[in-house]
Amino acid sequence: MRLNCPCCGPRGLEEFTYRGDATVRRPESPTAPAQDWVDYVYLRDNPAGPHRELWYHGAGCRSWLVVTRDTRTHAISDVVRAVDVARADKEGAGS
Amino acid sequence: MPEVLHPRDAVSPVPLTAHGVTLRAGAMRESVSLAAFRGQADTLRAFVGKEFDVDLPDTPRSVENADGITFIWAGPNQWLLRAAPGTDLLTRLSPCAAFAALTAQGDSRTALELRGPGARAIAAKLVPVDLHPRAFAAGDVALTLAGHIAVILRQVDDTPCYEFLVFRSLAQSLHHELHTAMLGGIPQADRIS
Ligand SMILES: [Zn+2]
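Bear in mind the structure is a predicted one, so any value in this text is a computation, not a measurement.

**Quick word on the coordination of the zinc ion**
Residue and element names in this part refer to chain A.
- Around the zinc ion, the protein supplies Cys-5 (SG), Cys-8 (SG), His-57 (ND1) and Cys-61 (SG) as donor atoms, at distances of 2.0 to 2.5 Å.
- Viewed at the metal, the four donor atoms of the zinc ion are separated by angles of 101 to 118 degrees, and the geometry they form is tetrahedral.
- Read in sequence order, the donor residues coordinating the zinc ion give the pattern C-x2-C-x48-H-x3-C. Each member of the pair, Cys-5 together with Cys-8, is buried.

**A look at the domain arrangement of chain B**
Residues and elements named next belong to chain B.
- The domain architecture assigned to chain B consists of domain 1 (18–27 + 108–183) and domain 2 (30–104).
- Domain 1 and domain 2 are separated by 23 Å when their C-alpha centres are compared.
- Contact with domain 1, which involves 10 residues of that partner, is made by 10 residues of domain 2.
- A per-residue breakdown of the area domain 1 buries against domain 2 is headed by Val-141, Leu-143 and Arg-154, which together make up 46% of the total.

**Some words on the pattern of salt bridges**
Residues and elements named next belong to chain A.
- Under the criterion given, the structure shown has 11 salt bridges over all chains.
- For Asp-89, the salt bridge goes to Arg-25, with nearest N and O atoms at 2.8 Å. Here Asp-89 is found in helix H2 (residues 82–94), whereas its partner Arg-25 is found in the loop between strand S3 (17–21) and helix H1 (34–41), with 64 residues between them in sequence.
- Exposure remark for Arg-25: the relative accessible area of 45% places this residue in the partly exposed category.

**Section: the environment of Arg-44 of chain A**
Residue and element names in this part refer to chain A.
- Checked against the element boundaries, Arg-44 lands in the loop between H1 and strand S4 (50–56).
- With 24 residues separating them along the chain, Arg-44 and Gly-20 place their C-alpha atoms 9.2 Å apart.
- Contacts of Arg-44, omitting those with residues within four sequence positions, involve Asp-21, Val-24 and Asp-39.
- Side-chain polar atoms of Arg-44 contact the backbone oxygen of Asp-39, separated by 3.3 Å.
- A polar side-chain atom of Arg-44 sits 2.9 Å from the main-chain carbonyl oxygen of Tyr-40.

**Examining a nonpolar patch on the surface**
- Among the surface-exposed residues, Val-38, Val-41, Tyr-42 and Leu-43 of chain A lie close enough to one another that they form a single nonpolar patch of about 390 Å² accessible area.
- Structurally, Val-38 of chain A is set in helix H1.

**A few points about the sheet that holds strand S4 (residues 62–64) of chain B**
All names here are of chain B.
- Strand order in this open sheet of five strands is S4-S5-S6-S3-S7, and the pairing throughout is antiparallel. If you trace the sheet from one side to the other, it starts and ends with S4 and strand S7 (100–104), each paired once. Neighbour-to-neighbour, the strand axes of this sheet turn through a mean angle of 20 degrees, independent of strand direction.
- Direction of pairing for strand S3 (residues 30–36) relative to strand S6 (residues 78–83): antiparallel, over a ladder of six bridges. Paired with Glu-30 across the strands is Ala-83, a residue of S6.

The rules behind each value
- Residues numbered from 1 in each chain as written.
- Chains lettered and ligands numbered in written order.
- Predicted model: local features only at pLDDT ≥ 70, side-chain atom pairs only at ≥ 80, totals over all residues.
- Heavy atoms only, no water.
- Donors = N, O, S within 2.8 Å, 3.2 Å for Na, K, Ca; no water.
- Tetrahedral: all angles 85-135°; square planar, octahedral: opposite > 155°, others 65-115°.
- Buried < 20%, exposed > 50% of the residue type's maximum accessible area, 1.4 Å probe, protein only.
- Domains from an automatic or database assignment.
- Contact = heavy atoms within 4.5 Å.
- Buried area = accessible area lost by both parts, 1.4 Å probe.
- Salt bridge = Lys/Arg side-chain N within 4 Å of Asp/Glu carboxyl O.
- Helix = DSSP H or I, 4+ residues; strand = E, 2+ residues; numbered from the N terminus.
- Polar contact = N/O pair within 3.5 Å; in protein donor to acceptor, adjacent residues only side chain to side chain.
- Patch = residues over 30% accessible without salt bridge, like charges linked within 9 Å, V, L, I, M, F, W, Y side chains within 5 Å.
- Areas by Shrake-Rupley, 256 points an atom, 1.4 Å probe, with all protein chains shown as cover.
- Pairing = 2+ DSSP bridges.
- Axes fitted to C-alpha atoms, helices over the stretch in contact; angles between N-to-C directions.

The following block contains the structure:
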């Protein structure tokens with residue numbers, strides 16, 4: 001499998017580390033209901049199809065990436081820098 | 001009396017040659033890493049442009065200014081600067097401290113140089129990026145692995161010559177691996193023209 005890093009170009013799997021689901025968001029408040037924390041820490045969907053997930057380009061530019069991968073075929077349809085996703089999230093929340 | 005500690009070379013200073021490819025330790029250089037604070041990349045770029053008359057590269061490349069200082073892309077909004085001893089890079093960069101992290105890297109990185117007509121074929125044995133001249137040319141940079149060792153790889157010129165910037169503690173291992181790759185010779189498939 002190869003990932004097309006937006007900073008470095010296409011690179012082999014050996015340069016990356018998988019982190020997991022990129023769509024979970026930490027509860028805003030430490031006093032959020034226990035169920036919210038359970039969802040955040042433990043519960044994951046297991047989709048057959050496109051999955052947005054975090055990868056770390058540790059042996060390259062050391063960027064966190066959000067990769068959209070089809071779990072049935074490993075086809076990669078999108079790779080963006082996680083910092084850009086976080087920025088867009090923030091701007092979305094602010095508007 | 002305690003025994004006096006002596007500075008030692010990271011790898012043998014004697015160049016090794018096999019199959020027309022030479023491996024040698026690069027000359028000592030001052031090295032400083034430069035990482036822009038959040039939202040300060042443009043300020044840093046403007047300062048470096050004015051102080052060194054150079055545009056910091058935004059893609060995996062390196063550029064050299066008129067004083068022979070090399071500016072190597074080292075990740076988003078990060079660069080590694082290398083210059084001849086005596087340049088005093090840190091002093092020249094000190095105004096940057098307000099908007100970037102400055103770290104002396106002279107003790108951290110060792111340069112290994114692989115040079116000769118077959119250098120591309122030898123480097124390609126260890127490095128998982130495409131080194132074909134259409135994909136990787138003089139001035140291009142890749143942050144990648146050589147074997148299992150993290151390197152900043154840079155093509156210095158069209159000989160071709162490649163520079164591997166490696167953590168000093170791993171320089172001996174990479175030197176050994178490169179030498180082993182050289183002794184294995186140039187693969188038949190690369191012996192064109
Ligand atoms: Zn990368």
